[in-house]
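Listed below are the residues making up each chain.
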Amino acid sequence: MTSIIKKFGKINSFVLFLCFLLLVLELIGHRHGETDIEDLMFFPAFFGFLSCIIIFKIGVSLRSFLMKDEDYYDR
Amino acid sequence: MIDNFPPGFVMVLGALLIPFLPHIIKQIYMMILILISAYGLTLGFGIHSVINIMEFEFILFQADNLTFPFAIIFHIAAALNVIYGAHEKDWKQHVAIMSYSGAAIAAIHAGDLLTLFVWWEATAFTSVFLILAGNTNRSYKAAIRYILIQVTSGMFLLAGAIILLVNDGSAILTKFDINSLYGQLIFIAFGIKAAFPLLNGWLQDAYPESTAIGTVALSTFTTKLSIFCFAKCFAGVEILIFIGALMTFYPIFFAVIENDLRRVLTYSLNNQLGFMIVAIGIGSELAINGAVAHAFAHILYKGLLFMGMGAVLYRVGTCKASELGGLFKYMPITAVCTIIGAISISAFPLFSGFVAKSLIMSALGKEGLVFIYFMLLFASAGVLHHSGIKIPFFAFFAHESKIKTKEAPINMIIAMVIASILCIAIGIFPSVFYQILPYEISYQPYDFSHVVGQLQLLMFAALAFICLWHFKIYPPELNSTVLNSDWIYRRMIPLFIIPCINFSKKITNEIKIFFYLVLLRIKIFFANYMIKNKVFDREVGQDTLIIIQVFAIFLIFLFFLHYTSFTR
């Protein structure tokens, strides 16, 4: 346990612990969503994780043609 | 007498006295103005003031269940702005903020389109001074572009109002038909101020160029006034659902790569407006409540985030992620308040964003709009990424910068703490908050499914960010300009127009030279001809002159004779 905290830092380990706790909570109680797909096991967790990765990936790929020098408009 | 003035009017008028007051008295005076203006909210619903000019009835003061929540939050925001800007000695900004908030408050109480138009333009002309107050060459240019676009929006509104007036004989603010010409004109006018896709350039262009306190005021009023107008005039218009979904979606990617943290917040503002527009597009009572609740909560947490970044800007002089970092140990209170704002906007349970956004998501679920629902869910993860994590992380943590500074001024802290408390209070006591919404609802945001589902979404999105950062996949922030839709009129159109202008200049020049040469030839020809025939060689004696004069008199006599006979 202490090795994990040392490796990832306090806040990161706390987030990791909360994620684990949320997955356990889903197993204990019955969670349902606004739509049928959401009722699948751990759906919000997967959706959140994947969304964040996709946003990051698209954002990084957009860098090449949307990002210009700081004085782009001043020239 | 005060009952006859719309709320906010006293703030616009009273702002004129601000330059003549000493520093602290100025702040007290502004608070009193806001209190007097807020008195108008106690008068109840209905039409309170109408004036008749040129056989047209201007409904100056009309209150209903929709104006009420907006009026409350606009007054709270105005008061918070006064506290937040109390250290500022520049009276021009105070005059602009006071008259701007007053104009926005008066605008939501307008009962007809022409009155709305007057306040619509007033918000534009008062707010532009806040951008000018940035006092840089960039802010000056941004202010010019801003006012041009805002006035264009006003012109669309006026055109729509006049067509409606000619057709129907009245221009009362009510639900409009989107299929009519006037409806479409008014729709575009509102759409420009709500920063619709491709019409949003002014928002990200102008707001971050303002001062620390100016941006806080700007983030509150203009866009939310437009949201109010949409809720009033276009509730249930289907196309708004798609426009709104697009608005929640695409600013995320821009926010992720933007370096200026206040500009990141403007993208996030754009994304939040999308949630409200989707809700207005659905148009059910639950959805309209969601839109209003979201606007209410949004003004508080977005104001709080702008306040936090404003405090950083005030102390450090920059808001660029690439230059900031590690400020937590110098500005702990500002950091905590900003984190509360970030948690609220990410819609964590027990914070204001959650109780407001849940209404919209439930309304979407009830309507069965699954695709839009998932777009908004995706956008929610995006909000956490760029506003929830990026803003506090890059300003107060991330890498150690060499900046040494101190905590924000006490008045800024007070304003931030009040806003933070309100964000938490709304999250903890949603039933009290729901009472001010336009329609009565019995909605419970805190059930097991909602809370666990939302927490899973957010915590795992946060985990993804942590993984990206921990394994050094996240690229460093760079000093840069991110191209946005304002590129169309700042670069693309000039790219076509400047060669056209140069070409027409060249053509004009060629034509000029051509005619000059032709005329020169004619001149030379006649000169040669006359010299050849010795026209100028003849001596003109006195007798010749007398003959010419007599002939001239004879001609004049003939002319008069002809003229008089003609008139007879």
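Refer to the structure above for everything that follows.
Just so it is clear, the model here is predicted, and its values are computed rather than measured.

So, how was this worked out
Residues numbered from 1 in each chain as written. Chains lettered and ligands numbered in written order. Predicted model: local features only at pLDDT ≥ 70, side-chain atom pairs only at ≥ 80, totals over all residues. Helix = DSSP H or I, 4+ residues; strand = E, 2+ residues; numbered from the N terminus. Rg over C-alpha atoms; globule rule 2.2 N^0.38 Å. Buried ≥ 20, exposed ≤ 12 C-beta atoms within 10 Å, placed from the backbone. Contact = placed C-beta atoms within 7 Å. Pairing = 2+ DSSP bridges. Core = buried A, V, L, I, M, F, W, Y, C linked by C-beta atoms within 7 Å. Axes fitted to C-alpha atoms, helices over the stretch in contact; angles between N-to-C directions. Parallel < 35°, antiparallel > 145°, perpendicular 65-115°, else oblique. Left-handed = near helix turned anticlockwise from the far one by under 90°. Nonpolar A, V, L, I, M, F, W, Y, C, P; charged D, E, K, R; others polar. Expected span 1.5 Å × (residues − 1).

Visitor: Would you mind going over the overall build of chain A in detail, with residue names and values included?
Guide: Of the regular secondary structure elements, chain A holds 3 helices and 1 strand. Reading chain A from its N terminus to its C terminus gives the helix and strand order α-α-α-β. Against the 2.2 N^0.38 benchmark of 11 Å for 75 residues, chain A shows a C-alpha radius of gyration of 19 Å, more extended than a compact globule. Counting only C-alpha atoms, chain A reaches 60 × 40 × 15 Å along its principal axes. A total of 75 residues make up chain A; the buried ones form 20% of that total.

Visitor: Mind laying out the environment of L327(B), listing which residues take part and the relevant values?
Guide: Residues and elements named next belong to chain B. Within the fold, L327 resides in the loop between helix 13 (285-316) and helix 14 (332-345). Assessed through the 26 C-beta atoms surrounding it within 10 Å, L327 is described here as buried. In the structure, L327 is positioned 127 residues away from Q454 in sequence and 30 Å away in space, judged by C-alpha atoms. The contacts of L327, once residues within four sequence positions are left out, are V312, A335, A395, F396, I403 and T405.

Visitor: A description of unusual backbone geometry should follow, citing residues and the corresponding values.
Guide: Residues and elements named next belong to chain B. Phi at N135 takes a positive value of approximately 60 degrees, unusual for a residue other than glycine. Mapped onto the elements, N135 comes out in the loop between helix 5 (113-132) and helix 6 (137-168). Owing to 10 C-beta atoms within 10 Å, N135 belongs among the exposed residues under this scheme. Phi at L350 is positive, roughly 80 degrees, even though this residue is not glycine. Within the element layout of this structure, L350 appears in the loop between helix 14 and helix 15 (352-367). Owing to 16 C-beta atoms within 10 Å, L350 belongs among the partly exposed residues under this scheme.

Visitor: An account of the pairing of strand 2 (residues 56-63) of chain B is needed here, citing residue identities and associated values.
Guide: All names here are of chain B. Of the pairings in the sheet, the one linking strand 1 (residues 46-53) to strand 2 comprises 7 bridges and is antiparallel in character. Residue pairing for strand 2: I47 is matched across the bridge by Q62. In textbook terms, the turn of a hairpin is the stretch between consecutive antiparallel strands, and for strand 1 and strand 2 this stretch comprises 2 residues, one of which, M54, has a positive phi near 50 degrees.

Visitor: Go over the nonpolar core, please, and point to the residues and values.
Guide: What tends to happen in soluble globular proteins is that the nonpolar side chains get buried as a cluster. Residue and element names in this part refer to chain B. Membership of the largest hydrophobic core comes to 200 residues, with the highest contact counts inside it found for F230, A279, I280 and A461. Counting residues per element, this core draws most heavily on helix 13, at 19 residues. Not counting residues up to four positions away in its chain, the partners in contact with F230 are F190, A194, L240, I277 and I280.

Visitor: So, the packing of helix 5 of chain B against helix 9 (residues 212-233) of chain B: which residues are in play, and what are the values?
Guide: Residues and elements named next belong to chain B. Interhelical geometry of helix 5 versus helix 9 gives an angle of 155 degrees and a closest axis separation of 10 Å. Considering the angle they form, helix 5 stands roughly antiparallel to helix 9. Of the two elements, helix 5 crosses helix 9, and the hand of that crossing is left-handed. Residues T123, S127, L130 and I131 of helix 5 lie in contact with helix 9, whose contacting residues are G214, A217, L218, F221, T222 and L225. Looking at the contact of helix 5 with helix 9 residue by residue, the class counts come to 6 nonpolar, 4 polar and no charged.

Visitor: Tell me about the interface of chain B and chain A, and name the residues and values.
Guide: Listed per partner, the contact involves 39 residues of chain B and 38 residues of chain A. Breaking the side of chain B that touches chain A down by element, the ones donating at least two residues are helix 11 (251-257), helix 15, helix 16 (370-396), helix 19 (448-470) and strand 3 (481-482) of chain B. Two elements, strand 1 (residues 67-68) of chain A and strand 3 of chain B, share 2 bridges in a ladder whose sense is antiparallel. Note that in strand 3 of chain B the partner of K68(A) across the bridge is T481(B).

Visitor: Summarise helix 6 of chain B; cite the residues concerned and give the values.
Guide: Residues and elements named next belong to chain B. For helix 6, spanning 32 residues, the distance from its first C-alpha to its last is 47 Å, which sits close to the expected 46 Å at 1.5 Å a residue. Among the residues making up helix 6, those that are buried are S139, A142, A143, Y146, I149, Q150, S153, G154, L157, G160, A161 and L164. Those residues of helix 6 hidden inside the fold are in contact with helix 5, helix 7 (181-193) and helix 8 (201-206). Residue G169 follows helix 6 closely and has a positive phi angle near 85 degrees.

Visitor: Now, about helix 4 (residues 91-108) of chain B: what can you tell me, with residues and values included?
Guide: Along its 18 residues, helix 4 of chain B runs 26 Å from first to last C-alpha, staying within 8% of the 26 Å computed at 1.5 Å per residue. With respect to burial, helix 4 of chain B is a largely interior element, 16 of its 18 residues being buried.

Everything listed here is a matter of geometry and, on its own, says nothing about what the molecule does.
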